[in-house]
Amino acid sequence: MHHSQEACVSMKTAAPVRRRLNFLMHDIEPGCDTYVERPGYCLDADLRISEVATGDYDIILLFGGRAPEYLRNHVALLEIVRDFDPGGKWVLAVFHGIQILVTAG
């Protein structure tokens, strides 16, 4: 299991299924005004989204990229986001992760 710890804070990564997640990097080629996608970092999902117990966590971070196009329709994830908000817990989104917040209301 992947477990990061920084300043007494632990992190878990959730995805629709437990597997290795492949991220992409966007680069601008010299002379072009659009970006290209290249393989980026990888990260193992520690648990499935459906296994997340919101009471166990203080913060949720929703990554950007292309995943939110699909995850914004993931019923369990939307419920998790909605559970974080009224409890005064932090809900953070990076770039396209905002799509999930918008769908969650």
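Residues numbered from 1 in each chain as written. Predicted model: local features only at pLDDT ≥ 70, side-chain atom pairs only at ≥ 80, totals over all residues. Heavy atoms only, no water.

**Things to note about helix α2 (residues 75–84)**
Buried residues of α2: L77, L78, I80, V81 and F84, and no others. Down the axis of α2, the buried set is contained in an arc of 160°. They therefore lie on one face. Structurally, α2 contributes buried residues whose contacts are with β7 (59–62), α1 (67–71), β8 (90–93) and α3 (98–104). (Buried < 20%, exposed > 50% of the residue type's maximum accessible area, 1.4 Å probe, protein only. Helix = DSSP H or I, 4+ residues; strand = E, 2+ residues; numbered from the N terminus. Arc of directions from axis to C-beta. Contact = heavy atoms within 4.5 Å.)

**Overview of the nonpolar core**
In this structure, I49, I60, L62, L71, L77, L78, I80, V81, F84, I100 and A104 together form the largest nonpolar core, which totals eleven residues. Of all the secondary structure elements, the ones that give two or more residues to this core are β7, α2 and α3. Broken down by element, this core gets its largest block of residues, five residues, from α2. (Core = buried A, V, L, I, M, F, W, Y, C linked by side-chain atoms within 4.5 Å.)

**Regarding the side chain of Q99**
Mapped onto the elements of the fold, Q99 is located in helix α3. Ignoring sequence-local partners within four residues, the contact set of Q99 consists of P68, E69 and R72.

**Here's the deal with a nonpolar patch on the surface**
A contiguous nonpolar patch, built from I59, L61, F63, W90, L92, V94 and F95 and spanning about 730 Å² of accessible area, is present on the exposed surface. Put simply, the parts of the chain that give the nonpolar patch at least two residues each are β7 and β8. For L92, the location among the structural elements is in strand β8. (Patch = residues over 30% accessible without salt bridge, like charges linked within 9 Å, V, L, I, M, F, W, Y side chains within 5 Å. Areas by Shrake-Rupley, 256 points an atom, 1.4 Å probe, with all protein chains shown as cover. Salt bridge = Lys/Arg side-chain N within 4 Å of Asp/Glu carboxyl O.)

**Some details on the environment of G87**
By the secondary structure assignment, G87 is in the loop between α2 and β8. G87 gets classed as exposed once you look at its relative accessible area, which sits at 55%. Spatially, the C-alpha atom of G87 lies 23 Å from that of P68, the residues being 19 residues apart in sequence.

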